[in-house]
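Okay, here's what each chain looks like letter by letter:
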Amino acid sequence: MNLFASERDIKPIHLPLEDGDVTYYPAFLSQEEASEYYNILFTETDWQQDDIKIFGKIYPQPRLTALYGDTTKSYSYSGITMFPKPFTPTLSAIKNKIEDLMGIQFTSVLLNLYRDGTDSNGWHSDDEKELGNQPIIASLSLGATRMFHLKHKYTTSKSYKLPLEAGSLLIMKGNTQHNWKHQIPKTKKKVDSRINLTFRIIKNDERN
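Since we're looking at a predicted model, the values are computed, not measured.

Q: Let's hear about the nonpolar core: which residues, and what values?
A: Of all hydrophobic cores here, the largest spans 29 residues; its most connected members are Leu111, Leu142, Ile195, Leu197 and Phe199. At the level of secondary structure, the elements contributing two or more residues to this core comprise helix H2 (31–44), strand E5 (64–69), helix H3 (89–102), strand E9 (108–114), strand E11 (137–143), strand E14 (169–173) and strand E16 (194–200). For this core, the element with the most residues is H2, which contributes four residues. When sequence neighbours within four positions are dropped, the list of residues in contact with Phe199 reads Phe87, Leu91, Ile94, Lys95, Ile98, Phe106, Ser108, Val109, Ile136, Ile137 and Ala138. Val22, Tyr75, Phe148 and Leu162 belong to the second-largest nonpolar core, a separate cluster that totals 23 residues.

Q: Give me the lowdown on the sheet that holds E11, citing residues and values where you can.
A: Consider a sheet: its strands pair through backbone hydrogen bonds, and that pairing is either parallel or antiparallel. Strand order in the open sheet formed by eight strands is E1-E2-E14-E11-E16-E9-E5-E8, with mixed pairing between adjacent strands. If you trace the sheet from one side to the other, it starts and ends with strand E1 (13–14) and strand E8 (85–86), each paired once. Across four bridges, E11 lies against E14 in antiparallel orientation. By the bridge assignment for E14, Ile137 is matched with Met172.

Q: So what's going on with H2? Residues and values would help.
A: Across its 14 residues, H2 extends 20 Å between first and last C-alpha, which sits within 8% of the 20 Å expected from 1.5 Å per residue. Buried-residue contacts for H2 involve H3, E9, E11 and E16.

Each value, and the rule that gives it
- Residues numbered from 1 in each chain as written.
- Predicted model: local features only at pLDDT ≥ 70, side-chain atom pairs only at ≥ 80, totals over all residues.
- Heavy atoms only, no water.
- Core = buried A, V, L, I, M, F, W, Y, C linked by side-chain atoms within 4.5 Å.
- Buried < 20%, exposed > 50% of the residue type's maximum accessible area, 1.4 Å probe, protein only.
- Helix = DSSP H or I, 4+ residues; strand = E, 2+ residues; numbered from the N terminus.
- Contact = heavy atoms within 4.5 Å.
- Pairing = 2+ DSSP bridges.
- Expected span 1.5 Å × (residues − 1).

Here it is as structure tokens:
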């Protein structure tokens, strides 16, 4: 990464969210780095597509996923239980970059592959018990830009929208997951594929 890219990295944008703590780094990675990581992860990741139950009916999840980590503890969300594979050298390198910025260590990363505009992630909070009381989520975007929506759980008139660009890093912490939901909605626009990496700290593994 060149010096100019490094200077951009340290200029965060703090989203004006009441009862939440969300910070956005538009250029955490240079465009060259983001493109290289996208190409590697698209090819080397062991993607899977799970089924989800919605109002009693079973549907294929509208995206592909993968879980990696340095723990053997499973991770469950929306009725799906995933078991992590060991971090690859590529994922470890990305994790180290984010940890150097934040000064904390992550145990796991959930990857999502949005193949086109019909793939999505519905309204939810990352508040599973495995993540502890005030989860810290570091979300790195690679590939196509997709819109990221937030809405307050208790005051629905409060909302926020943000385009997540390639190389950007979004950090959610504090009471964000208690008070806000987020989604990646479908879009009718023609968009290329996008990879999203959400680094997490799983609390109830054998080391805690």
